[in-house]
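Reading the structure
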Amino acid sequence: LKFTAQTFGDFLQHSALKAMSLLVEQVPPSAVREFSKWSQSTGPLSNKRIVVPTENSSSQKISTCLALGVPAGLVAAHSRRRRNHRKRLALAAAQSQTSVTNDTLKGAAKVCSECGNVFMEDDIFCRKCGAPRSGTLGVGQKQASPKEEEPKKGHFPPKATPLLDSLGDEGTQRIRSMNVPELKQLAEEVRWQVLDAVSVTGGHLGAGLGVVELTVALHHVYDTPRDEICWDVAHQCQPHKVLTGRRSRIYTLRQGGGLSGFAKRKESVYDAFGAGHSSTSISAAVGFQTAKDRLQRSGHSIAVIGDGAITGGMAWEAMNHAGGLGSKVVVILNDNGQVSLPTFYNQVKQPVGALSETLAGTSTAETRGLDIQGNIAKVETSQAFQNARQFAKNATKQLLPDQLSAAAAKLDEYTRDFVKTVPFRGSGSGSRGELFEQLGFYYVGPIDGHDMDTLVQVLENIRQDHEDGLLQKPVFLHIKTKKGYGYEPAQKASDKLHAVQPKFNVPKSPDETQKPKQPPLTKVFADQLVREGERDEKVVAITAAMPGGTGIGIFEKRFGPERTFDVGIAEQHAVTFAAGLAAGGLKPFCAIYSTFLQRGYDQLVHDVALQKLPVRFILDRAGLVGADGATHCGAFDLSYLSCIPEMMVCASADEAELCHMIHTLAQIDDAPTALRFPRGSAYGDIEMPPPRFLEPGKGRIAREGRDGTLAILSIGGRLRESLKAAEELEKKYGISATVADARWVKPLDKKLVGWLASDHRAVITIEENAIGGFGSQVQQVLLDGGYLDGMGKTPVALRSMVLPDRWIDHNTPELQYDDAKLNAQHIVDKALAVLDRVGVKVKSIVQG
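This text gives an overview of the structure that appears in the document.

**Notes on the pairing of strand E7 (residues 301–306)**
The buried fraction of E7 amounts to six of the six residues, a majority that puts the element mostly inside the structure. Along E7, one buried face is formed by Ser301, Ala303 and Ile305 and the opposite face, lined by Ile302, Val304 and Gly306, is buried too. Direction of pairing for strand E6 (residues 228–231) relative to E7: parallel, over a ladder of four bridges. Bridge pairing in E7 links Trp231 to Val304. For E7 and strand E8 (residues 330–335), the ladder comprises five bridges, and the chain directions are parallel. Each residue of the ladder has a partner; that of Val304, found in E8, is Ile332. Since E7 and E8 lie parallel, the crossover through helix H10 (residues 313–325) that links them has a hand, and here it is right-handed.

Take a look at the structure:
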């Protein structure tokens, strides 16, 4: 047996590594971990195990390494080998056992048996110590599998999906064992599945098609769901849902009782953070990463944000904070050249805002440059490059004075920007990266978001750099994608098929194309605004990235960008910008969905109302919104607007009233005003007279009763249901009810309210809003007027019908109204109950 110096050196090195494996492993203080007692062979782990209690902190771990004298590069390489080996073992175990799915969480333990931490609803592992949750499938007990759903098909030609089929509904474990060619094939299968499902359900499409490769790569590289992915807005998360155990239900997207069109925490453990509104992902990811650091847990947190959402101020607040913390969060900018949706509308030829120039587009020339940028990204995230950077920084700190050392540190950023920009001009980087570097991020990119090879390698490098401590700061990965990628009709469409109707790919029959449809209320508003703009050149329009959704694009088509302002996804700025326009002598109409105006509430109070500036707020999608669900429900505007002093608030009952109210708001120049109207189309059976001024604080009688028994006071879109209820009450029960349309929440028609209370035994208010809105305003008037305590006469019985105090999930509008109990039959039931309460005997006059 030859025993050379080299052999002896290898023996010492191997012994040091064995000692390190027992001393360095970091687990939570309350846990113990079993470590394999290494044999001298490099084969599988032996069955001998040592249980080692650990209390090591990160600093103790580093100190131990230094004491052993193990080279840092050797430590990192050894750690990677152990991690990869553990991952392979975990994958093998996962493939040989039944996976944990959402259905297995029923009856699971409430508290961790190891550390006492309280489990959240969807946890399958303890967030504090990592222990498995008892009571879940494969951990303590086995529960019955859910009933298999019948296979469903959409309106695209069938396609073989062997890799996607192999995943089943088990989650993402198998994806991590796939090679790059398999990942590419999987991406194509996922893209087909998204197209086929959305052809049935309708909804968002283009954004999801554009992130298929990114979604597959993220689930391949990161250990989801332990590593959290926070999707901004989450309208692009259909590929994510297909891959995370929900493919069997993907044809239920946006359907009643089915999958949400957005990320939803209670729907899946893989949906780390719920969304629907924009610019929230970075803040959430920084929170997740900080929680990991505080609880001494390993793992990664990733935010995926689009170039539209990143125009929101909250995203920049979060990046400023992340850079200051030195958080190891990863922010991925999905840059598809849109910035605002849709940005290329009418006369506007470029995406909205200066940030679009900073990010640059995705022209053919730049796409060629992305290949070069991808190679640069692979280098600048590699371990060798990071080690060289660290060596250079350490050397300059030791050899140069502080001022020169700081300048030398900046040289790294400038050099990388120079290399990206000067030799490869037009490839979409350069000084743009410096913007994010100044916020404390390590900027990487831009790279091609559809190049799976580059995506996987760069993401793996970033993950490893953070794990090995080579990067001690947040990373900003800039990827270029094409919205609607892989589906030619989407790439050719002006809005990249941002959102579609069911059967969007099926040619319409002649009968369907010729069938007349009533215009959406959004178009009714926009057409009337155009008429007001023609009457008064001071009328201007503002939208926060929703020119199509709010109808402001129609106004822009008539008057151009000189009188139309798309500020991007920045509702706070939109509101205060409108305040400045009003203070400057213009007549701004600020069109924002009801749910999105919540994001600008402080500006509405402080910058508009407090200064009594005549900004006109147009709140589309007020009330229930159907398939978009709770995140987009406009349930609160009557509550949060009517409590503001000197705010004037009205709500239209139909298309004719909508036109009258737009005309009225255009003439109010001494107070802030707001108009709400629901999602949906015009009735089409109403005469459309010329618009006229409606006196603020003046309602109307829509149906006058004859017996003084019941009055129904409606605000907004429930008027027609109130009239139906009154007709049924008279037809079936002989009750002649009065129906009134308040028109204004503020100022409220106190004379009308007083008359209804004086001349009727009972009054019912109805609104499509949460508690604290119109009904509360009516109640206050009745209380102050003494109508509820009698004041010498029989008090009136008051009942209010509002949205229930719970979230109403996505469904068809009709079923949502049934769920909320705001349809005609519910009004009838409420009326019969209150009349019985006041002693009015009601008998059905319908025989049989």
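**A short note on helix H24 (residues 601–609)**
Gln603, Leu604, Asp607, Val608 and Ala609 are the residues of H24 that are buried. Viewed along the axis of H24, the buried residues span an arc of 155°, placing them on a single side of the element. On its buried side, H24 packs onto helix H22 (571–583), helix H23 (594–597), strand E15 (616–619) and helix H25 (637–642).

**Focus on unusual backbone geometry**
In this structure, Pro446 follows Gly445 across a cis peptide bond, with omega equal to 0°. Checked against the element boundaries, Pro446 lands in strand E9 (residues 442–448). Each neighbour pair has its own omega, and for Lys746 with Pro747 the value is -5°, a cis peptide bond. Relative to the helices and strands, Pro747 is located in the loop between strand E21 (744–746) and helix H28 (750–759).

**A closer look at the sheet that holds E7**
Sheets are built from strands paired through backbone hydrogen bonds, the pairs being either parallel or antiparallel. Sheet architecture is open: five strands sit in the order E6-E7-E8-E10-E9, paired in parallel fashion. Looking at strand neighbours, the two that pair on one side only are E6 and E9, the edges of this open sheet. Within the sheet, the average angular offset between the axes of one strand and its neighbour, ignoring direction, is 20°. Direction of pairing for E8 relative to strand E10 (residues 475–480): parallel, over a ladder of six bridges. For Ile332, the partnering residue across the bridge sits in E10 and is Leu477. Here helix H9 (residues 281–294) sits on the sheet and contacts E6, E7 and E8; the angle it forms with E7, its principal contact strand, is near 175°.

Parameters and conventions
Counting starts from 1 at the beginning of each chain's written sequence and moves along it residue by residue. For a predicted model such as this one, the threshold for reporting local features is a pLDDT of at least 70, and the threshold for listing and counting side-chain atom pairs is 80 or more; totals across whole chains, interfaces and linings nevertheless cover every residue. Note that water and hydrogens are dropped before the side-chain values are worked out from all heavy atoms of the structure. Summary of the burial criterion: residues with accessible area below 20% of their type's maximum are buried, those above 50% are exposed, and those between are partly exposed, where the area comes from a 1.4 Å probe applied to protein chains only. Going along the chain from the N terminus, every DSSP run of H or I of four or more residues is numbered as a helix, and every run of E of two or more is numbered as a strand. DSSP-based pairing: two strands are paired if at least 2 bridges between them are found. Note on handedness: a clockwise path from strand one over the helix to strand two, with the strands aimed away from the viewer, defines a right-handed crossover. The directions considered for the arc are those from the helix axis to the C-beta atoms. We call two residues in contact when some of their heavy atoms are within 4.5 Å. All axes here are fitted lines through C-alpha atoms, helices being fitted over the stretch that makes contact, and every angle between N-to-C directions spans 0 to 180 degrees.

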